[in-house]
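Single-letter residue listing:
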Number of protein chains: 2
Amino acid sequence: MIERISEYLDENKSTHLEELKQFLKIPSVSTDSTYKKDVNRTAKFVADYLKEAGFQTVSVEETKGHPLVYAEWLEAGESAPTVLFYGHYDVQPVDPVEQWKSDPFDAEVREGRIYARGSSDDKGQVFMHLAVFKAFFKTTGKLPINVKVCIEGEEEIGSANLYEILQEKKETFKADLAVISDSGMVANDQPTILYGLKGFTGLEFTVNGPDNDLHSGMYGGAIRNPAMAIAHILASMKDEKEVVQVAHFYDDVEPLSDEERKLMNEAPSEDYAITTGVKDTVSEEGFTATEHTMARPTLEINGLYSGYQGEGTKTIIPSTATAKLTCRLVPGQDPIKIQDLLVAHIEKHTPKGITVSIKREPLSAKAYRIDPNHRYIQLAAESFSETFHKNPVFVRMGGSIPVVEWLDAMYDIPVVLLGFGTPDDRLHSPNESFPLTNFYQGMQTIANYWNKLSQEK
Amino acid sequence: MIERISEYLDENKSTHLEELKQFLKIPSVSTDSTYKKDVNRTAKFVADYLKEAGFQTVSVEETKGHPLVYAEWLEAGESAPTVLFYGHYDVQPVDPVEQWKSDPFDAEVREGRIYARGSSDDKGQVFMHLAVFKAFFKTTGKLPINVKVCIEGEEEIGSANLYEILQEKKETFKADLAVISDSGMVANDQPTILYGLKGFTGLEFTVNGPDNDLHSGMYGGAIRNPAMAIAHILASMKDEKEVVQVAHFYDDVEPLSDEERKLMNEAPSEDYAITTGVKDTVSEEGFTATEHTMARPTLEINGLYSGYQGEGTKTIIPSTATAKLTCRLVPGQDPIKIQDLLVAHIEKHTPKGITVSIKREPLSAKAYRIDPNHRYIQLAAESFSETFHKNPVFVRMGGSIPVVEWLDAMYDIPVVLLGFGTPDDRLHSPNESFPLTNFYQGMQTIANYWNKLSQEK
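Residues numbered from 1 in each chain as written. Chains lettered and ligands numbered in written order. Predicted model: local features only at pLDDT ≥ 70, side-chain atom pairs only at ≥ 80, totals over all residues. Heavy atoms only, no water.

Chain A carries the name Dipeptidase in an unreviewed UniProt entry, which gives Gracilibacillus marinus as its organism.

Asks: Quick question: what am I supposed to make of the packing of aromatic side chains here?
Replies: Two measures describe an aromatic ring pair: the distance that separates the ring centres and the angle between the ring planes. Residues and elements named next belong to chain A. In the structure shown here, the tally under the stated rule is 32 aromatic pairs over all chains. Their ring planes at 70° and their centres at 6.2 Å tell us that Phe85 and Phe133 sit as a pair that is edge-to-face. Placement of the pair is Phe85 in strand S3 (residues 82-88) and Phe133 in helix H4 (residues 123-140), with a sequence separation of 48 residues. In this pair, the class of Phe85 matches that of Phe133, namely buried. Where Tyr163 meets Trp406, the ring centres are 4.8 Å apart and the plane angle is 75°; that geometry is what we call edge-to-face. Linking Tyr163 in helix H5 (residues 160-168) with Trp406 in helix H14 (residues 402-411), this pair joins segments that are 243 residues apart in sequence. We classify Tyr163 as partly exposed; its relative accessible area is 32%. Since its relative accessible area comes to 6%, Trp406 is described here as buried. Through a chain of ring-to-ring contacts, three or more aromatic side chains come together here, namely Phe55, Trp73, Phe85, Phe133, Phe137, Tyr449 and Trp450. (Phe/Tyr/Trp six-rings, centres within 6.5 Å; stacked < 30°, edge-to-face > 60°. Helix = DSSP H or I, 4+ residues; strand = E, 2+ residues; numbered from the N terminus. Buried < 20%, exposed > 50% of the residue type's maximum accessible area, 1.4 Å probe, protein only.)

Asks: Please explain the relation of the copies chain B and chain A as it appears in this structure.
Replies: Each copy of the chain is related to the other by a rotation around an axis and a translation along that axis. With an RMSD of 0.2 Å, chain B superimposes on chain A once it is rotated by 180° and translated 0.2 Å along the axis. Here the two chains are linked by the operation of a two-fold rotation axis. Both copies present the same face, since 100% of the interface residues in chain B are matched by interface residues at the equivalent positions in chain A. (Least-squares fit on C-alpha atoms with pLDDT ≥ 70 in both. Contact = heavy atoms within 4.5 Å.)

Asks: Any chance you could explain unusual backbone geometry here in plain terms?
Replies: Among all residues except glycine, the phi angle is most often negative; among peptide bonds, the trans geometry is most common. Residue and element names in this part refer to chain B. Geometrically, the link from Asp95 to Pro96 is a cis peptide bond, its omega value of 5° lying close to zero. Mapped onto the elements of the fold, Pro96 is located in the loop between strand S3 (82-88) and strand S4 (108-110). Backbone torsion omega between Asp121 and Asp122 reads 5°, so that peptide bond is classified as cis. One can find Asp122 in the loop between strand S5 (113-115) and helix H4 (123-140). Here the phi dihedral of His248 falls at roughly 70°; this positive angle occurs in a residue that is not glycine. Summarising the element assignment, His248 is placed in the loop between helix H8 (226-235) and helix H9 (258-266).

Asks: Help me out: how do you make sense of the nonpolar core in this one?
Replies: Most often, soluble globular proteins keep nonpolar side chains buried together rather than apart. Ranked by internal contacts, the top residues of the largest apolar core, which has 104 residues, are Leu50, Phe55, Val403, Tyr449 and Trp450 of chain B. Taken domain by domain, the makeup of this core includes at least three residues from each of domain 1 (2-197 + 367-454) and domain 2 (205-262 + 282-360) of chain B. Excluding its chain neighbours within four sequence positions, the residues that come into contact with Tyr449 of chain B are Leu177, Val179, Tyr376, Leu379, Ala380, Ser383, Val416 and Leu418 of chain B. Membership of the second largest hydrophobic core comes to 102 residues, among which are Val403, Tyr411, Phe439 and Tyr449 of chain A. (Core = buried A, V, L, I, M, F, W, Y, C linked by side-chain atoms within 4.5 Å. Domains from an automatic or database assignment.)

Given below as C-alpha cells:
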C-alpha cells in the first residue's frame, strides 16, 4: 500500500505545489483585524480541501475569535490508533514589508525554496498533511488510521479560544496521540525528533519615580533614579555566570540525566558565530550551550526602556523605567509558581524612594517532554530515516508551543512533533521560505508514519 | 542718584512691560533652523534697544551660528569696575504646544505672572538689565560703572560659537567681574545668591550582542543578553546608597566645609513630596538632599533602551542595549578625567559574549564656585536685601551653566549670578512664566547693585 501512496505523491508534485501556492495566497494574518475576511476564507479553503480529499465530517467552527476547522474520519477500526492532527492556518504579520524580495503572499520559488509568509510556519507543513490524507483517500479509499483534524486560526496570537475548546470538548478531541508539524530540523537535511519543549512565563514591571522627568542637575542627589533602580533589580535576578538568582527558581527543575546529555550532544551544534555574529557563547555555569538552550530554564529581558532615547543628550532623571521579562521553563517547573517567585524577588529588591508596579503576562505554559524511547516516537524516527536516508537526532527545543502542553496536561496523550522546517526558514521574519525537498520528502515521511502506526495494535 | 533711578523705574513700569512683550513676541528658537529669521530679528531688537538706551558702541556680530550682540560703555573712569553683563536672547522650543494655555509668543499676564516662552529664561531677565542701563542713561546721562554687554543667541544649544569667541577676543571681553541673570531663587520671594554651579560630563554607551534580535527560546542559554549585560554594568556604577562606585570618581572632590554646610542648610529646603510626588528622598550616604544636590557629584542615567517597547510580549533576546549617562561635577573634578574614569569602568566591567561601543558627550564643563564672602558677592547680597527686604540665602546649584565656567577658566574673574527666576517658572516646559514683582523689584536690585559697585575702589 505504501508504494502506491508514494507513487501518487511523486506524480502529484506540481499539483501539490500549485495548491500550496493558493493556500499561501490568502493573507491569513490573525493579529490584524483588517485581514478578518481573509482569515475566514482561509478556514474555508482548508475545510473545502478536507472535504474534497475524502473526509465526510468537516466543519468550520465559529469561535469568539477566528474559526477552527474540524474534520474526522474514524472508520479505520477500533484496533487502529486515533491520531489528532493539529495545525494552524494563520500566519505572522509581514512587516517590515520593504525587506521582502517578493510579495509575501504571492509565493515564489527560488533556488529550491518556496518564499511566502506561512510557507514554513505553518501552511507549508499543514498542507503536507492535507495532501497525504487526500493521497490515501484517492488511492485506497480510506485512511490507515483514525484521524481527527484540528486546524485553528489563532496560534500566532496565543490560541486563547482553542484552549477553552480543548477544555470543553474532550470527547470530540480525545485520541491516542497528537501529531504536530510546526517545528524544524536542527540542520537543513538532518531529520529531527523533537521530544521536548520549554514552558513559558513572564511579566512586565515598571519602576515609578517622580511624577515627571526632572532636571538632573536640580534633582540629582535627592531623587532615586528609576533607571538605576531597575538596573539594580534586573542585575540581581541573574548573575554573570548565567545562573538565575531568584530564590527557589531551580527548586523543581528535573535534573538532566547523563543519557539525555549524551543524546543532545549527538545533534550537530549550531555555529553561533555564523548564525548570530556572537563569538563567545555564554551558558549557565556547568552546562554547554546545547544543554542550556535545550534543557535548562532561562530568564531573559525582552525589552527595557526609560527616559530619553533620541539623539544627543537630555539631562533628566526619568520619571519611570520599564522592563519586560520572560522565562523559559523545563519539566518540573510550574509557570504560575515561577511568576510568583519573580514577583516576590522584585518586591524584595525594591529600594526606598521608588515604587514598582507589576503586570503578569496572562499566557503561560508548562514544559513538555516525552520519553524519546516511546513507541510512537520510535516509529516516527523510523519513518524519518527511511525517507530521508539519515538517522534523526533527538532534541529538546528552547522554544514553547503552548498547545502541546495543553494536550499533554488536559488529554494525557503523547504529542509527536514531526517538524520539517529548517534553520534557514526565517520564521516571523521577512523572506520566510520552506525547502521543496522537505515539502515533498516530508509528505513521504508522513505517509510512512501513518502506515507504521496502522500496524500497531 | 539711586533715588532718581528708582523713581524712573517705578514710573516706567507699563512701558517696560510693553517693551518686554515685544521682545518676547519674536520667536527666537535657536535649535530650529526654521526660526532663523526671527533669531536675527531678535538680535536686532536687542541691539536697537541698547543703542536707543545710550550705548554708542553697539554691534551685531555674525558668527558661524546665530548673531552675538555686543555693546560697551567705558566712560565711568578707570577706578570704576568694569562689568561684563552676559545674557542670551534665544529660547527653548515650545512643544508640546497643545499644553500651553496661551500663545507661547504672545505674552499674557495672569495672576501677576507674564506667560511666554523666554519670560524667565532668559529674555525677561535680560530685559531687566537693558531697562536699567537705559534708566541710568536717561536720568544721569551715564552709567555708574564701565559696562560690556554680551548677549548671545545659542545658549539653549550649547553656546559653541561663544566659546571660540571668548577664547579669541580676550581684550574685548576682559572685565573685573561678570554678571549673569539666568537663574532663580530657591523660593518665590526668597532672594538667592547662587555662588556655585556644578560641572558636567557624560557619555552614551551601547552593548552589542547578536547581529539581530533573536528568538529567546532558541537562543536563551547560548547568547548573553545585552539588556542584562547593561543592567549589570550600570548597577556596578552606583550603589543603592547613592555612592558612585566608579574607581577614583571622588578623588579630586573638594570636601564640603562645615561653614558651607551651615550656609546651605539655612536655605529653605524643597518639599519634594509636593514638587515631585516622591515621598522618600535618597542621597549619598552621609549627606542630606540639600547637600548632595548642591555640593556633591552625581551620576545619572538619562535614557536607557533595549529590545521591545510595545504592547504585550515579544520573546526576543535584544540585539543591543543603550544607556545615556551624565555626571554633575563639583569643584576639583576635571570633566575629561571623569569621562576617562567612566570609560575605564565600563571597559573593565564588560563581560564575555558582548562588545561595548562608547560615544563621549563632546560638551563638558568644570564646576564653578566663588567664595560667598567675596566683596562683589556681598554687595550683591546687600542690593538684594535692600530691595526685597529680606536677607538672601547662599546656595550652590546642582545645574550647570557652561559660560560661567568658561569665564572663570579663561578670564579668571568672579561671576556674580544674580537670578530673579522662581521655582514655579517652568523653564523648558509649557506655560513658562515670570513673576512681575520680580521683574520690577529685580530692576531695582540691579540698579542698586551698579550703584554700590561704582562706590568700590
